[in-house]
Amino acid sequence: MQLNILLFGVTKEIVGEQRLKLELPQEASVSILLQSLKQNYPALENLESMLVAVNNEYSEQDQRLQESDEIAIIPPVSGG
Amino acid sequence: MSNKKIDIALSDQPLDIKAVMEAVNDGSAGAVDVFIGTVRNKTQERSVVRLEYEAYDSMAIKEMEKLAAETANKWPVAKIAIHHRKGTLYIGDIAVIIAVSTPHRQEAFEACKFTIDTLKQRVPIWKKEVFEDGETWVAAHP
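Model, not experiment: these values are computed from the prediction.

A. Structural view of the sheet that holds strand E2 (residues 19–23) of chain A. Residues and elements named next belong to chain A. Pairing is mixed in the open sheet, where five strands are placed in the order E2-E1-E5-E3-E4. Looking at which strands have only one partner, the edges of the open sheet turn out to be E2 and strand E4 (57–58). Sheet topology note: the strand E1 (residues 2–6)/E2 ladder contains five bridges and is antiparallel. Bridge pairing in E2 links Asn4 to Lys21.

See the structure below:
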């Protein structure tokens, strides 16, 4: 399946795009997605944390993903 | 006086302190605590030129709403408002305003502090500090 991924802040800078398309096996989990991203962009390993939001909610590592999901990578936040 | 218990805003325009105060005005409240976060001119002795805020708008609004509801669950909140800025901010500009009205002052202080502390941990908003000689995304690296 092809996932559409939104990028923000430092992850947007590392990847060089605001949006990314990533091909993963059907029902791949959040942790598979993170592994795949870190393989493709090793600089992501240097981040203090990297969370994944699915449909505007923070996800768990074992959550399964679907093509229709809105997926966003959340590097350490720094609002306020 | 607004009927809304929770008032959330995310804007690329300057924040309006008066609008936030009006949003939390409530007859049952004897206290309003307001936190205003502003842009500081230095980070560890480096001179800051400006900050660039970026938000994941839809989720940031949702997380601020959830956070306000959580605060209202923990303290006897009459009304709560969270307004956050995005875009380019300069020294002295207001980045965030949080206001909480409660019957008594102690709970207003506590509720307001919890809200800003938690916002900084959870709401998907990022700032890049631009210095005279470079730039960094805050909190990105260990």
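B. Structural detail: the pattern of salt bridges. Taken as a whole and judged by the stated rule, the model has 14 salt bridges over all chains. Ionic pairing is found between Glu57(A) and Lys66(B), a salt bridge with its closest N-O pair at 2.9 Å. Taken as a pair, Glu57(A) in strand E4 and Lys66(B) in helix H2 (residues 57–74) lie in two separate chains rather than in one. Salt-bridge contacts for Glu52(B) lead to Lys128(B); the nearest nitrogen and oxygen are separated by 3.9 Å. Linking Glu52(B) in strand E4 (residues 46–55) with Lys128(B) in strand E8 (residues 125–131), this pair joins segments that are 76 residues apart in sequence. Here the salt bridges share partners, and the residues they tie into one network are Glu13(A), Arg50(B), Glu52(B), Lys128(B) and Glu135(B).

C. View of the sheet that holds strand E7 (residues 94–102) of chain B. Residue and element names in this part refer to chain B. Pairing is mixed across the open sheet formed by four strands, whose spatial order is E1-E5-E7-E2. The open sheet has two free edges, formed respectively by strand E1 (6–11) and strand E2 (31–38), since each of these has just one partner strand. Ignoring strand direction, the axes of neighbouring strands in this sheet form an average angle of 5°. Where E1 meets strand E5 (residues 79–85), six bridges bridge the pair, whose relative direction is parallel. Paired with Leu10 across the strands is His84, a residue of E5.

D. Highlighting the side chain of Asp69(A). Residue and element names in this part refer to chain A. Residue placement: Asp69 occurs in the loop between E4 and strand E5 (71–74). Here Asp69 is buried and forms no salt bridge, its nearest opposite-charge partner Arg64 lying at an N-O distance of 11 Å. Looking at Asp69, its side chain comes within polar contact range of the side chain of Asn55, at 3.1 Å. When residues no more than four places from it in sequence are discounted, the contact partners of Asp69 are Asn4, Val54, Asn55 and Arg64.

E. Geometry of the interface of chain B and chain A. Counting residues at the interface gives 30 residues for chain B and 24 residues for chain A. Interface area, chain B with chain A, both sides summed: about 2200 Å², of which 53% is carbon and sulfur. Where chain B meets chain A, there are four salt bridges. Across the pair Glu13(A) and Lys128(B) runs a salt bridge whose closest N-O atoms are separated by 3.5 Å. At the junction of chain B with chain A, the criterion picks out 19 residue pairs in polar contact (both at pLDDT 80 or more). Elements represented by at least two residues in the side of chain B that touches chain A include exactly E4, H2, E7, helix H3 (105–122), E8 and strand E9 (134–137) of chain B.

F. Here's a closer look at a nonpolar patch on the surface. Residue and element names in this part refer to chain B. On the surface, Ile17, Met21, Val32, Val34 and Ile36 cluster together into a nonpolar patch covering about 330 Å² of accessible area. Going through the elements one at a time, helix H1 (17–24) and E2 are the ones with two or more residues in the nonpolar patch. Among the elements that make up the nonpolar patch, the one with the highest residue count is E2 (three residues). Relative to the elements of secondary structure, Met21 occurs in helix H1.

Cut-offs applied
Residues numbered from 1 in each chain as written. Chains lettered and ligands numbered in written order. Predicted model: local features only at pLDDT ≥ 70, side-chain atom pairs only at ≥ 80, totals over all residues. Heavy atoms only, no water. Pairing = 2+ DSSP bridges. Helix = DSSP H or I, 4+ residues; strand = E, 2+ residues; numbered from the N terminus. Salt bridge = Lys/Arg side-chain N within 4 Å of Asp/Glu carboxyl O. Axes fitted to C-alpha atoms, helices over the stretch in contact; angles between N-to-C directions. Buried < 20%, exposed > 50% of the residue type's maximum accessible area, 1.4 Å probe, protein only. Lys, Arg positive; Asp, Glu negative; His and termini not counted. Polar contact = N/O pair within 3.5 Å; in protein donor to acceptor, adjacent residues only side chain to side chain. Contact = heavy atoms within 4.5 Å. Buried area = accessible area lost by both parts, 1.4 Å probe. Patch = residues over 30% accessible without salt bridge, like charges linked within 9 Å, V, L, I, M, F, W, Y side chains within 5 Å. Areas by Shrake-Rupley, 256 points an atom, 1.4 Å probe, with all protein chains shown as cover.

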